[in-house]
Amino acid sequence: MAAKDEGTEPVPLDEIDQKIISELTRDGRMSVTQVAENVHISRAHAYTRIGRLTSEGVLSRFTALVDPIKAGLRSSAYVTLKLKQDSWRELRDLLAAIPEVHHVALVGGDFDVILLVRAVDNIDLRRVIFDQLQSMPGVLDTQTFLVFEDVDTR
């Protein structure tokens, strides 16, 4: 999840920072040397910039983009939750601790939270929704939207 702390201020980013972020978003395994070459700065400068972006929390981690189907997660759904008032802080970490929950967002609108849930099959997806999500204290209602196809635009 992104920043938990409320009141987190944005970090000023210049054009070089934006280019570095773009390169690392495209390929998180890219070497500092390659980032420097692509952004047209020295390796030392790239190393310093990446270090600053990491220490300031702009870059929070480097990760791989996994194809869920090839990884055996054949059933995905967006699940919305309506929560009891003031239960978000208590539930946030519980939701993030469920391995099948791949994204958690507090939102405004007809529901309070939206989750991306990925499971090995519909039986496993049902288990997560019925046995884990619906039974959590503070969850008043859920709605499930099955994903038929994913398109990652990053």
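Residues numbered from 1 in each chain as written. Predicted model: local features only at pLDDT ≥ 70, side-chain atom pairs only at ≥ 80, totals over all residues. Heavy atoms only, no water.

Caption draft 1: How the structure looks around the pattern of salt bridges. By the definition in use, this model includes nine salt bridges. The salt bridge involving R49 is made with D17; its shortest N-O contact spans 2.8 Å. Taken together, the positions of R49 in helix α3 (residues 43-55) and D17 in helix α1 (residues 15-26) put the pair 32 residues apart, joining distant regions of the chain. With respect to class, R49 is no different from D17; both count as buried. Here D17 ties to R52 by a salt bridge, and the two come within 2.6 Å at their closest N and O atoms. Here D17 is found in helix α1, whereas its partner R52 is found in helix α3, with 35 residues between them in sequence. When its relative accessible area of 2% is taken as the criterion, D17 is described as buried. (Salt bridge = Lys/Arg side-chain N within 4 Å of Asp/Glu carboxyl O. Helix = DSSP H or I, 4+ residues; strand = E, 2+ residues; numbered from the N terminus. Buried < 20%, exposed > 50% of the residue type's maximum accessible area, 1.4 Å probe, protein only.)

Caption draft 2: Spotlight on the sheet that holds strand β1 (residues 75-83). What the four strands build is an open sheet, ordered β2-β3-β1-β4; its pairing is antiparallel. Of all the strands in the sheet, the pair left with one neighbour each is β2 (101-106) and β4 (139-147). Across the sheet, the mean angle from the axis of one strand to that of its neighbour is 20°, orientation sign disregarded. Pairing analysis gives seven bridges linking β1 to strand β3 (residues 113-119), with the strands arranged antiparallel. Note that in β3 the partner of L81 across the bridge is V113. Of the strands in this sheet, β1, β2, β3 and β4 touch helix α4 (residues 88-96), which is tilted by about 160° from β2. Packing against the sheet, helix α5 (residues 122-133) makes contact with β1, β3 and β4, and its axis sits at approximately 140° to β3. (Pairing = 2+ DSSP bridges. Axes fitted to C-alpha atoms, helices over the stretch in contact; angles between N-to-C directions. Contact = heavy atoms within 4.5 Å.)

Caption draft 3: Geometry of the side chain of D124. Here D124 lies in helix α5. At a separation of 2.7 Å, a polar atom in the side chain of D124 contacts the side chain of R127. The residues touching D124, leaving out its near neighbours within four places in the chain, are E100 and A119. (Polar contact = N/O pair within 3.5 Å; in protein donor to acceptor, adjacent residues only side chain to side chain.)

Caption draft 4: Main features of the packing of helix α2 (residues 32-39) against α3. At a minimum axis distance of 8 Å, the contact between α2 and α3 shows a crossing angle of 105°. As summarised for this structure, α2 and α3 are arranged roughly perpendicular, according to the angle between their axes. Along its contact with α2, which presents V32, T33, V35 and A36, the element α3 presents R43, A46, Y47 and I50. For the contact of α2 with α3, a count of residues per class yields six nonpolar, one polar and one charged. (Parallel < 35°, antiparallel > 145°, perpendicular 65-115°, else oblique. Nonpolar A, V, L, I, M, F, W, Y, C, P; charged D, E, K, R; others polar.)

Caption draft 5: Fine view of the pairing of β1. Judged by how many residues are buried, β1 sits mostly within the fold: seven of nine residues are covered. One ladder, built from eight bridges, connects β1 with β4; its direction is antiparallel. Considered in β4, the bridge of K82 is made with D141.

Caption draft 6: Main features of the environment of H45. With respect to the helices and strands, the residue H45 is situated in helix α3. C-alpha of H45 to C-alpha of H102: the two residues are 57 residues apart in sequence and 34 Å apart in space.

Caption draft 7: How the structure looks around the environment of R52. Residue class for R52 comes out partly exposed when judged on its relative accessible area of 25%. Placed 13 residues apart in sequence, R52 and L65 show a C-alpha to C-alpha distance of 24 Å. Residue contacts for R52: discarding those within four places in its chain leaves V11, P12 and D17.

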